[in-house]
Amino acid sequence: MTAVEEKFSLTEVLSSFKACLEKENQDVLMDYYISGWKGLVRFMNSLGAIFSFVSKDAVSKIQIMEAFRKSSSGDQYRSLQSMVAYELKAKLVDLNKRAEHSNSGCRTILRLHRALRWLQLFLEKLRTSTENSKTSVLCTEAYNDSLANYHPWIIRKTAMVSFYALPARNTFFEVMNVGSIEDVVTMLGEAMPYVSQVYDITQQLYAQHNLLDLP
Ligand SMILES: CCCCCCCCCCCCC/C=C/[C@@H](O)[C@H](COP(=O)(O)O)NC(=O)CCCCCCCCCCCCCCC
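Throughout, residues of each chain are indexed from 1 in the direction in which the sequence is written. Where totals are concerned, whole chains, interfaces and linings use all residues; where local detail is concerned, this predicted model gives features only for residues with pLDDT of at least 70, and gives and counts side-chain atom pairs only at 80 or more. Side-chain metrics rest on all non-hydrogen atoms present in the structure, leaving aside hydrogens and water.

- Looking at an unreviewed UniProt entry, one finds the protein named Ceramide-1-phosphate transfer protein and attributed to Geotrypetes seraphini.
- UniProt positions are given in the numbering used here, feature names are shortened, and annotations may be inferred rather than shown by experiment. UniProt, in the comment section headed Sequence similarities (unreviewed entry), describes the protein in these words: "Belongs to the GLTP family."

## Describing the overall build of the protein
Turning to step 1, where the next piece is worked out: Counting its secondary structure elements, the protein contains ten helices and zero strands.
Turning to step 2, where the next piece is worked out: Strands are runs of DSSP state E lasting at least two residues, helices are runs of H or I lasting at least four, and both sets are numbered from the N terminus onward. In the protein, the order of α-helices and β-strands from amino to carboxyl end is α-α-α-α-α-α-α-α-α-α.
Turning to step 3, where the next piece is worked out: Against the compact-globule benchmark of 17 Å for 215 residues, the protein has a radius of gyration of 17 Å, which places it among compact chains.
Turning to step 4, where the next piece is worked out: By principal-axis analysis of the C-alpha atoms, the protein measures approximately 50 × 40 × 35 Å.
Turning to step 5, where the next piece is worked out: Looking at the protein residue by residue over its 215 residues, the buried ones come to 43%.
Turning to step 6, where the next piece is worked out: Whether two residues touch is decided by their heavy atoms; if any such pair falls within 4.5 Å, the residues are in contact. For the protein, the proportion of contacts with a sequence separation of at least 24, taken over those separated by at least 6, is 67%.
Turning to step 7, where the next piece is worked out: Accessible surface is estimated by sampling points in the Shrake-Rupley manner with a 1.4 Å probe; for residues, cover comes only from the protein chains shown. Summed over all atoms, the accessible surface of the protein reaches about 11400 Å², with 53% contributed by carbon and sulfur.
Turning to step 8, where the next piece is worked out: For the protein, the separation between the mean place of its 24 positive charges and that of its 23 negative charges on side chains is 7 Å. With the radius of gyration taken over C-alpha atoms, the globule rule is written as 2.2 Å times the number of residues to the power 0.38. When a residue's accessible area, from a 1.4 Å probe over protein chains only, is under 20% of the maximum for its type it is buried; when over 50% it is exposed; and in between it is partly exposed. In this tally Asp and Glu are treated as negative and Lys and Arg as positive; neither His nor the chain ends contributes. Charge coordinates come from a single atom per side chain, which is NZ of Lys, CZ of Arg, CG of Asp or CD of Glu.

## Points about the site of the ligand
Turning to step 1, where the next piece is worked out: Here, proximity means that at least one heavy atom of the residue falls within 4 Å of the molecule or strand. If you check the shell around the ligand, you find 24 residues, and the closest are Asp57, Lys61, Arg107, Arg111 and His151.
Turning to step 2, where the next piece is worked out: Polar contact is the term for a pair of N or O atoms within 3.5 Å; when the atoms are in protein, one must be able to donate a hydrogen and the other to accept it, and sequence-neighboring residues count only if both atoms are side-chain atoms. Lys61 places a polar side-chain atom, nitrogen or oxygen, 2.8 Å from an oxygen atom of the ligand.
Turning to step 3, where the next piece is worked out: Between the ligand and the protein, one listed contact pairs an oxygen atom with a side-chain N or O atom of Arg111 at 3.0 Å.
Turning to step 4, where the next piece is worked out: Each residue is assigned to one of three groups, with Ala, Val, Leu, Ile, Met, Phe, Trp, Tyr, Cys and Pro labelled nonpolar, Asp, Glu, Lys and Arg labelled charged, and all others, Gly among them, labelled polar. Of the residues assigned to the shell around the ligand, the class counts are 19 nonpolar, one polar and four charged.

## A short note on the pattern of salt bridges
Turning to step 1, where the next piece is worked out: The term salt bridge refers to a pairing of a side-chain nitrogen on Lys or Arg with a carboxyl oxygen on Asp or Glu at a separation within 4 Å. Taken as a whole and judged by the stated rule, the model has six salt bridges.
Turning to step 2, where the next piece is worked out: Among the salt bridges present, the one from Asp57 reaches Lys61, with a minimum N-O distance of 2.9 Å. One end of the pair is Asp57 and the other is Lys61, both in helix 4 (residues 52-70) and four residues apart, which spans about a single turn.
Turning to step 3, where the next piece is worked out: The class of Asp57 is partly exposed, set by a relative accessible area of 40%.
Turning to step 4, where the next piece is worked out: Where Lys125 meets Glu141, a salt bridge forms, and the shortest distance between an N and an O atom there is 3.2 Å. Of the two residues, Lys125 is situated in helix 6 (residues 105-127) and Glu141 in helix 7 (residues 135-144); the sequence distance between them amounts to 16 residues.

## Things to note about unusual backbone geometry
Turning to step 1, where the next piece is worked out: The phi torsion at Lys91 lies on the positive side, around 55°, for a residue other than glycine.
Turning to step 2, where the next piece is worked out: Along the chain, the position of Lys91 falls in the loop between helix 5 (80-89) and helix 6.
Turning to step 3, where the next piece is worked out: Overall, Lys91 belongs to the exposed group, its relative accessible area being 67%.
Turning to step 4, where the next piece is worked out: In this structure, Asn177 is a non-glycine residue whose phi angle is positive, near 60°.
Turning to step 5, where the next piece is worked out: The residue Asn177 is located in the loop between helix 9 (169-175) and helix 10 (181-208) in this model.

Set out below in structure tokens:
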């Protein structure tokens, strides 16, 4: 195990979402947003190969955003706000049908944004769960109330089946590498408001520009 892997804990991953929020104007900073997602993917990979179909999709979306950030227009992708302004002004977003700009930053972030809602619901359920709670049930409920609404039947079916492979609640808390169950509950209580804030600001930004249904 490398030093980086040894240090890996969900606390650090979630702290990226706190670092995302620029103090002065509440812009959501892209680099931290991406690094939060990379950490989540690493966490998911540690749960087993069964989730590789999920992590592959998340990784490809992260890579799309990293490529924008490294491109000659990289500065325009400094925050979600600057990305939306830039892509809309330059007509780089397919608004009704995927065509020339099928992988715009706006539509790619929208997919991750919807997944962030799942994460928010799932972690809140875990935080308030009891010893007898089943992670597969918590995950299914969170999924049905968020991402499932955007996924076709075949993906919903595959996702539901994979949820049965989730480790039990105790194991889950251990994998987070945060400490005792009480420590995890405290950490989630402190960290989740930042995730919610990032979610809410993004939701408002997308709603304001009519971008919530991008194909
Ligand atoms: C912890 C277990 C992980 C459960 C994951 C729950 C989410 C299930 C999502 C199933 C997605 C299936 C893959 C395909 C998705 C795409 O079709 C679909 C649409 O994209 P397209 O318009 O480009 O086609 N993509 C998406 O909706 C984006 C999905 C991104 C999912 C990222 C999920 C990351 C989960 C991170 C888990 C971290 C757990 C931490 C908990 C302590």
